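Structural overview
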Amino acid sequence: MKVNKRIFAILILAFCTLILNAQHVERTISFEGNLRRYMEYIPTSSYDGSMPIIFLLHGLGGDCENFSQMGFENVAPNWIIITPEATEADVMGWDIGTAWAAGVGAERIPFIGTVNLNAGENDEGFILAILDLLERKYNVDTDSVFVAGFS
């Protein structure tokens, strides 16, 4: 009977550990009349209470879930990790997936002209709106806010 109680206690402890651990959670924010999506990872604790933030930007055609399974929280366990999602882009009506308004494009494409993907989007403002929200909700280290990504 002691073995069963011990196994039961271990299972309960493991279950509680899973529930209490931070997870990547999908969030939305209303920004400039649009509902924008992002994933957030909030650590359960940090060394001094304040937490640095890193925004991880996906590449062309990606989404906010691209980084959520890569294990960044294992490398930086006390960091807030935010993976925002770009908006849909098209070239002459052809859907090419999501794209950041980062000046990506091409000039003098035959029969099309100049293309600048999502030039009218305010992605910088979107990221800053998320940062403002995080600063209101959590103890954020505002001297340690970083942006990284891939293409």
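Residues numbered from 1 in each chain as written. Predicted model: local features only at pLDDT ≥ 70, side-chain atom pairs only at ≥ 80, totals over all residues. Heavy atoms only, no water.

Observations regarding helix 3 (residues 123-137)
- Taking 1.5 Å of rise per residue, the 15 residues of helix 3 would be expected to cover 21 Å, and the 21 Å separating its terminal C-alpha atoms lies within 8% of that figure.
- All of the buried residues along helix 3 are Asp123, Gly125, Phe126, Ile127, Ala129, Ile130, Leu131 and Leu134.
- Contacts from the buried residues of helix 3 go to strand 1 (24-31), strand 2 (34-41), strand 3 (51-57), strand 4 (80-84), strand 6 (94-99) and strand 9 (140-149). (Helix = DSSP H or I, 4+ residues; strand = E, 2+ residues; numbered from the N terminus. Expected span 1.5 Å × (residues − 1). Buried < 20%, exposed > 50% of the residue type's maximum accessible area, 1.4 Å probe, protein only. Contact = heavy atoms within 4.5 Å.)

Concerning the pairing of strand 6
- Where strand 5 (residues 87-91) meets strand 6, 5 bridges bridge the pair, whose relative direction is antiparallel. Paired with aspartate 90 across the bridge in strand 6 is aspartate 95. (Pairing = 2+ DSSP bridges.)

Here we look at the side chain of glutamate 73
- Along the chain, the position of glutamate 73 falls in helix 2 (residues 72-75).
- Among the polar contacts listed, one links the side chain of glutamate 73 to the side chain of histidine 24, at a separation of 2.9 Å.
- Apart from residues lying up to four places away in sequence, glutamate 73 is in contact with His24, Tyr41 and Ile81. (Polar contact = N/O pair within 3.5 Å; in protein donor to acceptor, adjacent residues only side chain to side chain.)

Things to note about the pattern of salt bridges
- Counted under the stated rule, the structure contains 6 salt bridges.
- Arginine 27 is the salt-bridge partner of glutamate 40, the closest N and O atoms lying 2.9 Å from each other. One end of the pair, glutamate 40, is in strand 2; the other, arginine 27, is in strand 1, and 13 residues separate them in sequence.
- A salt bridge links glutamate 85 to arginine 37, with the nearest nitrogen and oxygen atoms 2.7 Å apart. With glutamate 85 in the loop between strand 4 and strand 5 and arginine 37 in strand 2, this residue pair connects regions lying 48 residues apart in the sequence.
- Judged by relative accessible area, which is 15%, glutamate 85 ranks as buried.
- Connected through shared salt-bridge partners, Glu26, Arg37, Glu65 and Glu85 make up one network. (Salt bridge = Lys/Arg side-chain N within 4 Å of Asp/Glu carboxyl O.)

By themselves, these observations are geometric and do not establish any function.
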